[in-house]
Amino acid sequence: MTQLSAKHAFIEFALDCGALKFGEFKTKAGRLSPYFFNSGAFSDGNSLAALTRFYAGAALQSGVDFDMIFGPAYKGITLAAGMAIALAQSGKNVPYAFNRKEAKDHGEGGLIVGAGLAGRVIIVDDVITDGASKIESVDMIRAAGATPAAVIIALDRCERGADLSNPLSAAQSFSKNIGVPVIAVANLDDIASYLHATGDKFEILGKIMLYRNQYGAN
């Protein structure tokens, strides 16, 4: 499967699961968006397995060298575990770990559960907004003497923040400020490409392009 066809397959999968919807939705920033993405809709075994196969495929196709997976609490936990399984099934067996929100003061203790943080680590999460949880993950990985290799997310909205004079998206700002690349399984431009390729929903495609022109990053 080519990279473009994999992105289109993911978008179709997200639509089928109800994770991606078209209409009119108010964002946290108060903008009226013509689409909405909710990773919580991947809520059964089959959809989680398929979702993490897309993550694994995107990681492998990116060419980023990595030794393990890290999932920030809470959404990243199941994503990291599922992605590790998907990678193992594709022939790349790597360890994974995740963090607790609060350190455990008994038993094995500590904040990190699973494999010790070592080597080049991919951080896996659903989306990136202000990047706070990802920055915390980067700090933990570096404190352990490991290297954050990349952040992988399901969908990049390619959208500027509240300050529209800043031409960068949340993902671009994160990469620039933290020095860690962001890999998206798909992004807003891929959604537009998918709608154009399928030849339906041209009204929605037009609204998405208008939204992209108004709020999109370079």
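Going by the structure above, here's the rest.
Structure report, in brief.

What counts, and where the lines are drawn
Residues numbered from 1 in each chain as written. Predicted model: local features only at pLDDT ≥ 70, side-chain atom pairs only at ≥ 80, totals over all residues. Heavy atoms only, no water. Helix = DSSP H or I, 4+ residues; strand = E, 2+ residues; numbered from the N terminus. Rg over C-alpha atoms; globule rule 2.2 N^0.38 Å. Buried < 20%, exposed > 50% of the residue type's maximum accessible area, 1.4 Å probe, protein only. Contact = heavy atoms within 4.5 Å. Areas by Shrake-Rupley, 256 points an atom, 1.4 Å probe, with all protein chains shown as cover. Lys, Arg positive; Asp, Glu negative; His and termini not counted. Charge placed at Lys NZ, Arg CZ, Asp CG, Glu CD. Core = buried A, V, L, I, M, F, W, Y, C linked by side-chain atoms within 4.5 Å. Salt bridge = Lys/Arg side-chain N within 4 Å of Asp/Glu carboxyl O. Polar contact = N/O pair within 3.5 Å; in protein donor to acceptor, adjacent residues only side chain to side chain. Phe/Tyr/Trp six-rings, centres within 6.5 Å; stacked < 30°, edge-to-face > 60°.

Description of the overall build of the protein chain
Helix and strand counts for the protein chain stand at seven helices and eight strands. The C-alpha atoms of the protein chain give a radius of gyration of 18 Å, which matches the 17 Å a tight globule of 218 residues would have. Considered along the principal axes of its C-alpha atoms, the protein chain spans approximately 55 × 40 × 30 Å. Looking at the 218 residues of the protein chain, the share that counts as buried comes to 45%. Restricting the contact set of the protein chain to residue pairs at least 6 apart, pairs at least 24 apart contribute 69%. About 10,700 Å² of surface is accessible on the protein chain, with carbon and sulfur atoms providing 52% of the total. Computing the positive centroid from 20 side-chain charges and the negative centroid from 21, the protein chain places the two 2 Å apart.

Looking at the nonpolar core
Most often, soluble globular proteins have nonpolar side chains that are buried together. Core analysis: the largest hydrophobic core is formed by 42 residues, its most contacted members being Phe10, Phe37, Tyr55, Ile69, Met83, Ile152 and Ile191. Here the element with the most residues in this core is helix α2 (residues 45-62); it accounts for seven residues. Excluding anything up to four places from it in sequence, Phe10 contacts Phe37, Leu51, Phe54, Ala154, Val185 and Ala186. Of all hydrophobic cores here, the second largest spans 18 residues; its members include Met140, Ile153, Val180 and Ala184.

Description of the pattern of salt bridges
Side chains that differ in charge, positive against negative, can pair when their charged atoms come close. In total, this model carries seven salt bridges according to the counting rule given. A salt bridge links Lys75 to Asp126, with the shortest nitrogen-to-oxygen separation between them at 3.1 Å. On the criterion of sequence distance, the pair formed by Lys75 in helix α3 (residues 75-89) and Asp126 in the loop between β6 (120-124) and α4 (132-143) is long-range, its members being 51 residues apart. In this structure Asp126 comes out as buried when scored by relative accessible area, which is 9%. Between Lys134 and Asp125 there is a salt bridge, with the nearest N and O atoms lying 3.1 Å from each other. On the basis of relative accessible area, Lys134 is assigned to the buried category, the value being 5%. Here Asp125 falls in the buried class, since its relative accessible area comes to 5%. Shared partners join several salt bridges into a network, and the residues in it are Arg31, Arg157 and Glu159.

A word on the environment of Ser137
Considering the arrangement of structural elements, one finds Ser137 in helix α4. Placed 56 residues apart in sequence, Ser137 and Ser193 show a C-alpha to C-alpha distance of 32 Å. Filtering out sequence-adjacent residues up to four positions away, Ser137 remains in contact with Phe70, Pro72 and Ile123. A polar contact of 2.9 Å, which involves the side chain of Ser137, links it to the backbone oxygen of Ser133.

Describing the packing of aromatic side chains
Aromatic ring pairs: the centre-centre distance and the angle between the two ring planes describe each pair. Scanning the model with the defined rule gives eight aromatic pairs in all. Centroid distance Phe10 to Phe13: 6.4 Å. Interplanar angle 50 degrees. Geometry classified as tilted. On the criterion of helical spacing, the pair formed by Phe10 and Phe13 is a turn pair, its members being three residues apart in helix α1 (residues 3-17). Relative to Phe37, the ring of Phe10 has its centre 6.5 Å away and its plane inclined at 50 degrees; by these criteria the two rings are tilted. Taken as a pair, Phe10 in helix α1 and Phe37 in strand β2 (residues 32-37) lie far apart in primary sequence, 27 residues in all. For the pair Phe10 and Phe37, a shared accessibility class is recorded, and that class is buried. Taken together through their ring pairs, the aromatic side chains of Phe10, Phe13, Phe37, Phe42 and Phe54 make up a single cluster.

So, unusual backbone geometry
A negative phi holds for most residues other than glycine; trans holds for most peptide bonds. Between Ala73 and the following residue, Tyr74, the backbone shows a cis peptide bond with an omega angle of 5 degrees. Among the secondary structure elements, Tyr74 is positioned in the loop between β3 (68-71) and α3. One non-glycine residue, Cys158, adopts positive backbone phi at about 55 degrees. With respect to the element layout, Cys158 can be found in the loop between β7 (147-156) and α5 (170-178).

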